[in-house]
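One-letter residues, chain by chain:
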Amino acid sequence: MIFGRQFARMAGKALTCGLGVCTAMVAGCTPDSPTAPTRPATGAPHDLNPVALDALRARSRQAASDVLIVAQHGRVVVDDGDPALSEPLPLMSITKSITALAIGSLIREGLLASVEVEVANFLPRWQVGNRSKITLRHILQHTSGLAAAPGTEDVYASPDHVHYASLARLVARPGERFFYDNRAVAVLAQVVAVAAGMPLDQYVFERLYAPLGITTRSWGHDSSFQPMVMAGARLTGRDLLAIGQLVLDGGKVGDRQLVDRDWLVEATTSGSRANPLHGQLWWMVPAYSRHVIDAETLTAWRTAGVDPDLVAKLARLQDRELEPAEHAAAVAAALDDEPTRIREWLAQTRDRNLATHAVRHGPIVGCHASGSLGQHLVVLPARGIVAVRLIRAERS
């Protein structure tokens, strides 16, 4: 079973990150969530699972985290980062989520009617042709249908991100497919600039950061001096915690509504048909995610010509919903823990562009904003929890 155990560890490794532990941390919590201050205090009593908190600290240290902060009901109960660290850290794609909050702020101010507004109103190049029907919702949900590369290299290489995004051709009907698009989101900088009459970063600093008490003013720009959207913002851990608290409190700080509440609820709890776990540049946190080999998966394998013996062995697992690591171990066992057979199955499904399993999710319990390097902001409203994990780029 040695290879099987290795295979199981490999398959489950991604789920042992801070996101998974933060979600598990809700065990034993109470549902009460009183009004919280903007800047949470430290050292407060809590009712979180101490075993889960210890596991979170251990995992954070193992992963060389520079910042780990957990707050419940507006009070910090874990602050386990580098005490010597004071500079803001790169948020990477969490920049997208903060940009989305700027859209919600514009809606609250009446400067945007809704996310159903067509982007062509702000981007003249799109007013003619099949891109004219792309709405803000499509951009925010990564369902614009625009052509894009899977990485970021092409966007970083472009001197003008908005112009580069405006040149993207339509390859699918808007709203039909989900594709994580670092290119298309750049148009949001143009939308904010036109709607607000000021650059995206200035709008965020004035309308969001200042009321939250965030004094950090760090946001990356492209070569044309336009603020970036796919990445570029920097904040300290406490700054990012304040952003999370704003989301937890429904877009409100004190008696001030900074972000439209109805939009925020939808953006952080409702996905698209193309991707139910992605809202509007915010991701959903399900109570659990289990892997299963269902009838549809088996039919797809048979139709595509996957080795019948492999299919027959794995059909014994049909409809067994398992945690990812348990599922991987069960697959290995079903294939007699034979490394060659496991590799053959993985290669045959990969080469035919087939899924190795389906995923069934539990009810949505929160939302998160995440970026490369391992940057995470997790919000679990029913438990009053906000959690932040950050790492310096040079240590990632």
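If you're wondering where the values come from, they're calculated on a predicted model, not measured in any experiment.

A. Quick peek at the pairing of strand S12 (residues 375–380). Of all six residues in S12, six are buried; the element is thus mostly enclosed. Alternating residues of S12 divide into Gln375, Leu377 and Val379 and His376, Val378 and Leu380, and every residue in both groups is buried. Of the pairings in the sheet, the one linking strand S11 (residues 364–371) to S12 comprises five bridges and is antiparallel in character. Among the inter-strand pairings, Cys367 is bridged to a residue of S12, identified as Val379.

B. Quick peek at the confidence of the model for the protein. Chain-level pLDDT for the protein is 89 on average; 88% of the residues reach the 70-or-more range. Here residues 24–42 scores under 50 on pLDDT; set against residues more than four positions off or in separate chains, the count is 56 contacts.

C. A look at helix H12 (residues 295–304). Looking at H12, one finds that the buried residues are Thr297, Leu298 and Trp301. Taken end-on, H12 shows its buried residues confined to a sector of 95°, consistent with a single buried face. Facing away from the buried side of H12 by more than 90 degrees, the exposed set consists of Glu296 and Thr303. Close packing links the buried residues of H12 with helix H13 (308–314), helix H15 (339–351) and strand S10 (358–361).

D. Main features of the side chain of Thr135. Inspection of the secondary structure puts Thr135 in the loop between helix H4 (94–109) and helix H5 (136–140). Residue Thr135 is classed as buried on the basis of its relative accessible area, which comes to 9%. Once you skip the residues sitting within four places of it in the chain, Thr135 turns out to touch Val115, Glu116, Val117, Glu118 and Val119.

E. Expanded view of the environment of His138. Inspection of the secondary structure assignment puts His138 in helix H5. A C-alpha to C-alpha distance of 9.5 Å links His138 and Ser272, two positions 134 residues apart in sequence. Setting aside its immediate chain neighbours within four residues, His138 contacts Lys133, Thr143, Ser144, Pro174 and Gly175. Within the structure, His138 has its side chain in polar contact with the backbone nitrogen of Thr135 (distance 3.0 Å).

F. Representation of the packing of aromatic side chains. Tallied over the entire structure, the rule returns five aromatic pairs. Summarising the aromatic geometry, the rings of Phe205 and Trp219 are spaced 6.4 Å apart at their centres and angled 70° between planes, so their arrangement reads as edge-to-face. Here Phe205 is found in helix H9 (residues 200–212), whereas its partner Trp219 is found in the loop between H9 and strand S5 (234–235), with 14 residues between them in sequence. What makes Trp219 buried here is its relative accessible area of 7%.

G. Representation of the nonpolar core in the model. If you look at the biggest cluster of nonpolar residues, it comprises 79 residues, and the most contacted ones within it are Ile103 and Tyr209. Top contributing element to this core by residue count: H4, with eight residues. Those residues in contact with Ile103, other than ones at most four positions away along the chain, are Leu112, Val115, Leu140, Leu188, Val191 and Val192.

H. How the structure looks around unusual backbone geometry. A positive phi angle is found at Ala64, which is not glycine, with a value near 60°. Inspection of the secondary structure puts Ala64 in the loop between helix H3 (50–62) and strand S2 (67–72). The phi torsion at Asp319 lies on the positive side, around 70°, for a residue other than glycine. Checked against the element boundaries, Asp319 lands in the loop between H13 and helix H14 (324–334). According to the relative accessible area criterion, Asp319 is partly exposed, its value standing at 43%.

How each quantity is defined
- Residues numbered from 1 in each chain as written.
- Predicted model: local features only at pLDDT ≥ 70, side-chain atom pairs only at ≥ 80, totals over all residues.
- Heavy atoms only, no water.
- Buried < 20%, exposed > 50% of the residue type's maximum accessible area, 1.4 Å probe, protein only.
- Helix = DSSP H or I, 4+ residues; strand = E, 2+ residues; numbered from the N terminus.
- Pairing = 2+ DSSP bridges.
- pLDDT = per-residue confidence, 0-100.
- Contact = heavy atoms within 4.5 Å.
- Arc of directions from axis to C-beta.
- Polar contact = N/O pair within 3.5 Å; in protein donor to acceptor, adjacent residues only side chain to side chain.
- Phe/Tyr/Trp six-rings, centres within 6.5 Å; stacked < 30°, edge-to-face > 60°.
- Core = buried A, V, L, I, M, F, W, Y, C linked by side-chain atoms within 4.5 Å.

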